[in-house]
Amino acid sequence: MATISRFSLRLLPVAAAVTCRSIRFPVSRPASSFLLNRNLYHSSSSLKTRAGWLLGLGDNKKKKVDLPDIVAAGDPVLHEKAREVDPEEIGSERIQKIIDDMVKVMRLAPGVGLAAPQIGVPLRIIVLEDTKEYISYAPKEETFAQDRRPFDLMVMVNPELKASSDKKALFFEGCLSVDGYRAVVERHLEVVVTGYDRQGKQIQVNASGWQARILQHECDHLDGNLYVDKMIPRTFRTVDNLDLPLAEGCPKLGPQMT
């Protein structure tokens, strides 16, 4: 996800904050994510893709059988608006399997968030989780600046996000679907998100700090937007260059004055 001044996407136990593993996917067919994952979820409308959310902090190359691959930028499923899930279908075996796979893929990456389009599934579902372990890999000054705190696994279906204040902040972000890169993105510091949990119950989440950023990043995926579509010009860089200073004229990282 995002880092502080350089984005501490290095939340992993290993080294790279971003997913360093090689992701294989067809390069010639537009509908590649659907073709690759069509056997994972049996339904006439089942498409899938995977999305992690930045933090591919580890070099975890062990992948469990039958788990969908993370879809890379350029696949149409990542650039089109995802469909809402019928609330009556949330408890179905198909939707529950999609959710289970998303959680497994996110944790395997590892990442702190994932949207269904990232595993090739054009449905409005997101999962997110940030742990004490992940946070422990980042410098304390960074997590303090990011207002980053651990939170339990969260599953949201058909999420609707609204800013709950005018406060904003600038930090680096990354994405498992844009492997190896980061850029500065401005996000609201406080948001409220409504939707359904995996049991089909209506829920409301009031989030701030880093959790609010993750929610905004994942909800963007559902509308076909990647963080690079919202990045601050001239801040895009490789993970290896995260520690280099920003170009002259770029805004300062951290909370912004309103």
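Remember, it's a predicted structure, so these values are computed and weren't measured experimentally. (Residues numbered from 1 in each chain as written. Predicted model: local features only at pLDDT ≥ 70, side-chain atom pairs only at ≥ 80, totals over all residues. Heavy atoms only, no water.)

Describe the overall build of the chain, with residues and values.
A tally of helices and strands in the chain yields five helices and nine strands. N-terminal to C-terminal, the α/β element order of the chain is α-α-β-β-α-α-β-β-β-β-β-α-β-β. The buried share of the chain, taken over its 258 residues, is 54%. Accessible area for the chain stands at about 11,800 Å²; split by element, carbon and sulfur atoms hold 50% of it. (Helix = DSSP H or I, 4+ residues; strand = E, 2+ residues; numbered from the N terminus. Buried < 20%, exposed > 50% of the residue type's maximum accessible area, 1.4 Å probe, protein only. Areas by Shrake-Rupley, 256 points an atom, 1.4 Å probe, with all protein chains shown as cover.)

Tell me about the pattern of salt bridges, and name the residues and values.
Between side chains of opposite charge, pairing is possible as soon as their charged atoms come close. Taken as a whole, this structure holds 11 salt bridges when the rule is applied. A salt bridge links arginine 148 to aspartate 130, with the nearest nitrogen and oxygen atoms 2.6 Å apart. A residue pair is termed long-range when its members are at least 10 positions apart, and arginine 148 in the loop between helix H4 (140–146) and strand S3 (151–163) and aspartate 130 in strand S2 (residues 125–130) qualify at 18 residues. Comparing arginine 148 with aspartate 130 shows no difference in burial state: the two are buried. The partner of arginine 187 in a salt bridge is glutamate 173, and the shortest N-O contact between them spans 2.8 Å. Separated by 14 residues along the polypeptide, arginine 187 in strand S5 (residues 181–188) and glutamate 173 in strand S4 (residues 168–173) bring together distant segments of the chain. Taking relative accessible area as the criterion, arginine 187 reaches 4% and is therefore assigned buried. Relative accessible area serves as the criterion here: at 0%, glutamate 173 is assigned to the buried category. (Salt bridge = Lys/Arg side-chain N within 4 Å of Asp/Glu carboxyl O.)

Summarise the nonpolar core; cite the residues concerned and give the values.
In this structure, Ile98, Met102 and Ile125 are the most contacted members of the largest nonpolar core, which totals 24 residues. Listing elements by their share of this core, those giving two or more residues are helix H2 (93–108), S2 and S3. Per-element accounting of this core gives the leading share, eight residues, to H2. Beyond its immediate sequence surroundings of up to four residues, isoleucine 125 is in contact with Val85, Ile95, Ile98, Ile99, Met102, Leu114, Ala115, Ala116, Met156, Val157 and Leu222. Judged by nonpolar contacts, the second largest core, of 20 residues, contains Tyr134, Phe151, Met154 and Ala212. (Core = buried A, V, L, I, M, F, W, Y, C linked by side-chain atoms within 4.5 Å. Contact = heavy atoms within 4.5 Å.)

An account of the sheet that holds S5 is needed here, citing residue identities and associated values.
In space, the four strands of this open sheet follow the order S8-S5-S4-S9, with antiparallel pairing throughout. Two strands lie at the open edges of the sheet, namely strand S8 (237–238) and strand S9 (254–256), each paired on one side alone. Bridging between S4 and S5 involves six bridges; their strand directions are antiparallel. By the bridge assignment for S5, leucine 170 is matched with glutamate 186. (Pairing = 2+ DSSP bridges.)

Residue-level account of the environment of valine 127, with values.
Among the structural elements, valine 127 can be located in strand S2. Considering only alpha carbons, one finds valine 127 and leucine 215, 88 residues apart in sequence, at a separation of 9.1 Å.

I'd like a description of the environment of phenylalanine 172, backed by residues and values.
Secondary-structure assignment places phenylalanine 172 in strand S4. Classification of phenylalanine 172 as buried rests on a relative accessible area of 0%. Distance in space between the C-alpha atoms of phenylalanine 172 and leucine 242 is 8.7 Å, their sequence separation being 70 residues.

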